There are 2 protein chains.
Amino acid sequence: MSSIFTRIVNRELPAKIFLEDEQVIVIEDIRPRSPVHLLIIPKTETTNFYETPLETLSMLNEYVKKVAAMLEIDDHFQVAINNGLGQEIDHLHFHFLSDRGADKLQFTPIG
Amino acid sequence: MSSIFTRIVNRELPAKIFLEDEQVIVIEDIRPRSPVHLLIIPKTETTNFYETPLETLSMLNEYVKKVAAMLEIDDHFQVAINNGLGQEIDHLHFHFLSDRGADKLQFTPIG
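In this text the structure is predicted, and so the values were computed from the model without any measurement.

How should the overall build of chain A be read in this particular structure?
The helix and strand inventory of chain A stands at two helices and six strands. The order of α-helices and β-strands along chain A, N terminus first, is α-β-β-β-α-β-β-β. Against the 2.2 N^0.38 benchmark of 13 Å for 111 residues, chain A shows a C-alpha radius of gyration of 13 Å, consistent with a compact globule. Dimensions of chain A, computed from the C-alpha atoms along their principal axes, are close to 35 × 30 × 25 Å. Once local pairs closer than 6 in sequence are excluded, the contacts in chain A between residues at least 24 apart make up 60%. Carbon and sulfur atoms make up 47% of the accessible area of chain A, which amounts to about 5400 Å² in all. Of the side chains in chain A, 10 bear a positive and 17 a negative charge, and the two mean positions are spaced by 5 Å.

Hey, could you run me through the interface of chain A and chain B in this one?
Taken residue by residue, the interface counts 30 residues in chain A and 30 residues in chain B. Carbon and sulfur atoms supply 60% of the area that chain A and chain B bury against each other, a total of about 2500 Å² over both sides. Its largest share of buried area at the contact with chain B, chain A owes to Tyr50(A), Lys65(A) and Leu85(A), together 28% of the area lost on that side. Between chain A and chain B we count zero salt bridges in total. Across the contact surface, chain A and chain B share 16 residue pairs in polar contact (both at pLDDT 80 or more). Elements that contribute at least two residues to the side of chain A that touches chain B include exactly α2 (54–70), β4 (77–83) and β5 (94–98) of chain A.

Please clarify how the pairing of β5(A) should be interpreted in this entry.
Side-chain direction in a regular strand flips from residue to residue, so the side chains alternate between the two faces of the sheet. All names here are of chain A. Most of β5 is tucked away, with five of its five residues classed as buried. In β5, alternate side chains face the same way, and those of Phe94, Phe96 and Ser98 on one face and His95 and Leu97 on the other are all buried. Two elements, β4 and β5, share three bridges in a ladder whose sense is antiparallel. Its bridge partner lying in β5, Ala80 is registered against His95.

How should the pattern of salt bridges be read in this particular structure?
Opposite charge on two side chains lets them pair, provided their charged atoms get close. The final tally for this structure, using the stated rule, is 14 salt bridges over all chains. The partner of Glu20(A) in a salt bridge is Lys43(A), and the shortest N-O contact between them spans 2.9 Å. Residue Glu20(A) is found in strand β1 (residues 15–20), and its partner Lys43(A) is found in the loop between β3 (36–42) and α2; the two are separated by 23 residues along the sequence. We classify Lys43(A) as partly exposed; its relative accessible area is 25%. Measuring nitrogen to oxygen at the nearest pair gives 2.7 Å for the salt bridge that ties Glu20(B) to Arg11(B). Classification of Arg11(B) as partly exposed rests on a relative accessible area of 42%. When salt bridges that share partners are traced, they join Arg11(A), Glu20(A) and Lys43(A) into one network.

Before we go on, may I ask you to explain the side chain of His93(A) in this structure?
All names here are of chain A. Relative to the helices and strands, His93 is located in the loop between β4 and β5. Judged by its relative accessible area of 8%, His93 falls in the buried class. Look past the residues within four positions of His93 in its chain and what remains in contact with it is Phe5, Leu39, Ile40, Ile41, Ala80, Ile81 and Gln87.

What is the right way to look at the relation of the copies chain A and chain B in this model?
Two copies of the chain are present, and they differ by a rotation about an axis and a shift along that axis. When chain A is fitted to chain B, the residual RMSD is 0.0 Å, and the transformation amounts to a turn of 180° plus an axial shift of 0.0 Å. A rotation of that kind, with that shift, is consistent with a two-fold axis. Within chain A, Ala80(A) has its C-alpha nearest the rotation axis, a separation of 2.2 Å. When you check the interface residues of chain A against chain B, 100% turn up at the interface there too, and the contact is symmetric in its surfaces.

Can you help me understand the pairing of β3(A) in this one?
Residue and element names in this part refer to chain A. Within β3, seven of the seven residues are buried, leaving the element largely enclosed by the surrounding structure. As paired elements, strand β2 (residues 24–28) and β3 share five bridges and run antiparallel to each other. Its bridge partner being in β3, Val24 is matched across the sheet by Pro42. Pairing of β3 with β5, which is carried by five bridges, proceeds in the antiparallel orientation. Bridged to His37 within β5 is Leu97.

Conventions adopted
- Residues numbered from 1 in each chain as written.
- Chains lettered and ligands numbered in written order.
- Predicted model: local features only at pLDDT ≥ 70, side-chain atom pairs only at ≥ 80, totals over all residues.
- Heavy atoms only, no water.
- Helix = DSSP H or I, 4+ residues; strand = E, 2+ residues; numbered from the N terminus.
- Rg over C-alpha atoms; globule rule 2.2 N^0.38 Å.
- Contact = heavy atoms within 4.5 Å.
- Areas by Shrake-Rupley, 256 points an atom, 1.4 Å probe, with all protein chains shown as cover.
- Lys, Arg positive; Asp, Glu negative; His and termini not counted.
- Charge placed at Lys NZ, Arg CZ, Asp CG, Glu CD.
- Buried area = accessible area lost by both parts, 1.4 Å probe.
- Salt bridge = Lys/Arg side-chain N within 4 Å of Asp/Glu carboxyl O.
- Polar contact = N/O pair within 3.5 Å; in protein donor to acceptor, adjacent residues only side chain to side chain.
- Buried < 20%, exposed > 50% of the residue type's maximum accessible area, 1.4 Å probe, protein only.
- Pairing = 2+ DSSP bridges.
- Least-squares fit on C-alpha atoms with pLDDT ≥ 70 in both.

Here you go:
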């Protein structure tokens, strides 16, 4: 069974997509807890941070910087990673949060 | 002026050290908000996540895994990074948090 995120990638479930390429999809959290609350998700399914190779984590770090630059908040954001504890979906994702930059958010809705 | 963390490394300020080597120091947060609340800090001073090279971030990711393994909570922890927003000390640090594993914490106090 594919993860919810993989099903979003496959257009089987709705989501608000901020960014997508071959490696990564960035969507809005379904229950945003700040004006900017994105999930940065590798398309390759991997359970959690601990189980994920350093190269994949580094690639995600690069996308964190990319998203911060796109929203023009490179000096004002937070990253949170739930590894088991607080993790609701067993497909690695980085939470990207900020109280600024929401005016730069543009989503492509699917579903 | 050196950062508070560099001054801890230089033994000019007190701290509870969990782990230290040439690259990194891991200390307990001065105001722990969970039973395990460590800060993983590169010895090289760098302001925040955005300004830090991917190689350094990757090195810190490796230490996150190392700490999780040492505390035997590789499936149960959280990582939080405040980049400007919520960041109190302008020397990059990863917060490592868990409600488990505190029984495995052993600190070397300094100061």
